[in-house]
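Each chain, written out:
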Amino acid sequence: MDDDPSVLRGLTRMFQVEGYAVEEFSHPRRLLERGPGPRPGCVVIDLRMPELNGLELQEELRRTGWPHPFVFISGHGDVPAAVKAMKAGAVDFLSKPFSTEELLAAVERALAQDRAASLVEQEHQALRSRFSTLTPREWQVCRMVTLGLLNKQIAAELGTAEQTVRLQRSRVMEKLAVNSLAELVRLLERLDSQP
């Protein structure tokens, strides 16, 4: 995204020649209206643009849950702007003029970061899906088991028979496809550590 039409056309052509799928936006609102594209992806964004500058656009996109990383380019960049962009998650901040190799390297880093984030997101979704198969009571039993409580302690706490807790515990292990208490604890820790 760049406010200079000739720079925007040049960047678009360069990325296409390098084999990238490219969408160009001359105005920040168009990108906001479109929303994120397929993954992996990244946004190459100029610091100075109409209506919203690059930092404001980055902030607005992050606020709406935008998943893709940013690479900033600017002919008017300064250290405070670069620091602010990087603290907000930009992969790189390149000052014009920059070489094609520098820009391509920054984009590749951004795409690699987005691929990794996408894989983590897929793993988290699969994990949430596994846990969603548990009934509310199985959830309670699962939590209590991972706290180290014995079946008879769980039964007393829940006001049920120990045999019932044994059955629910067995279902938890089966539904979550774990074979030991240690695996169950690790799985629950992974679930709890998700954002």
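Residues numbered from 1 in each chain as written. Predicted model: local features only at pLDDT ≥ 70, side-chain atom pairs only at ≥ 80, totals over all residues. Heavy atoms only, no water.

Caption draft 1: Region of the structure containing the pairing of strand E2 (residues 70–74). In terms of residue burial, E2 counts as a mostly covered element, since five of its five residues are buried. Here E2 shows two buried faces, one formed by Phe70, Phe72 and Ser74 and the other by Val71 and Ile73. Bridge analysis of strand E1 (residues 43–46) against E2 gives four bridges, and the strand direction is parallel. When the bridges of E2 are listed, Val43 appears paired with Phe70. Sheet topology places E2 next to strand E3 (residues 92–95); four bridges connect them, and they run parallel. In the strand pairing of E3, Phe72 is matched with Phe93. (Buried < 20%, exposed > 50% of the residue type's maximum accessible area, 1.4 Å probe, protein only. Helix = DSSP H or I, 4+ residues; strand = E, 2+ residues; numbered from the N terminus. Pairing = 2+ DSSP bridges.)

Caption draft 2: Molecular detail of the environment of Asp192. Within the element layout of this structure, Asp192 appears in helix H9 (residues 181–192). Expressed as a C-alpha distance, the spacing of Asp192 and Ala182, which sit 10 residues apart in the sequence, is 15 Å.

Caption draft 3: Broad picture of the confidence of the model for the protein. Mean pLDDT over the protein stands at 87; residues scoring 70 or higher make up 96%. Mean pLDDT across the secondary structure elements of the protein bottoms out at helix H2 (residues 28–34), with 81, and peaks at helix H8 (residues 162–175), with 94. (pLDDT = per-residue confidence, 0-100.)

Caption draft 4: Representation of the pattern of salt bridges within the structure. This model, assessed by the stated rule, comprises seven salt bridges. Put simply, Glu23 and Arg34 hold a salt bridge, and the shortest N to O gap is 2.6 Å. With Glu23 in the loop between helix H1 (5–17) and H2 and Arg34 in helix H2, the pair connects residues that are 11 residues apart, well separated along the chain. Looking at Glu23, the relative accessible area reads 47%, which means it is partly exposed. The partly exposed category is assigned to Arg34, whose relative accessible area is 35%. Residue Arg166 pairs with Glu162 through a salt bridge whose shortest N-O separation is 3.0 Å. On the criterion of helical spacing, the pair formed by Arg166 and Glu162 is a turn pair, its members being four residues apart in helix H8. A residue is classified by how much of its surface remains accessible, and Glu162, at 32% relative accessible area, is partly exposed. (Salt bridge = Lys/Arg side-chain N within 4 Å of Asp/Glu carboxyl O.)

Caption draft 5: The arrangement of the environment of Ala105 in detail. Within the element layout of this structure, Ala105 appears in helix H5 (residues 100–131). A relative accessible area of 33% means that Ala105 is categorised as partly exposed. Note: C-alpha distance between Ala105 and Asp92 (13 residues apart in sequence) is 9.7 Å.

Caption draft 6: Here's a closer look at the packing of helix H6 (residues 136–146) against helix H7 (residues 151–158). Running from amino to carboxyl end, H6 crosses H7 at an angle of 135 degrees, the nearest separation of the two axes being 10 Å. Classed by the angle they form, the pair H6 and H7 counts as oblique. Judged by the sense of rotation from one axis to the other, the crossing of H6 with H7 is right-handed. Together, Arg137, Gln140, Val141, Met144 and Val145 of H6 and Ile154, Glu157 and Leu158 of H7 make up the contact between the two elements. (Axes fitted to C-alpha atoms, helices over the stretch in contact; angles between N-to-C directions. Parallel < 35°, antiparallel > 145°, perpendicular 65-115°, else oblique. Left-handed = near helix turned anticlockwise from the far one by under 90°. Contact = heavy atoms within 4.5 Å.)

Caption draft 7: Looking closely at the nonpolar core. Phe131, Cys142, Ile154, Leu176 and Leu184 are the most contacted members of the largest nonpolar core, which has 19 residues in total. Among the elements of the structure, H5, H6, H7, H8 and H9 are those that each provide at least two residues to this core. Setting aside chain neighbours within four positions, we find Ile154 in contact with Val141, Met144, Val145, Leu149 and Val165. Within the second largest apolar cluster, 18 residues are counted, among which are Phe25, Val43, Leu47 and Phe70. (Core = buried A, V, L, I, M, F, W, Y, C linked by side-chain atoms within 4.5 Å.)

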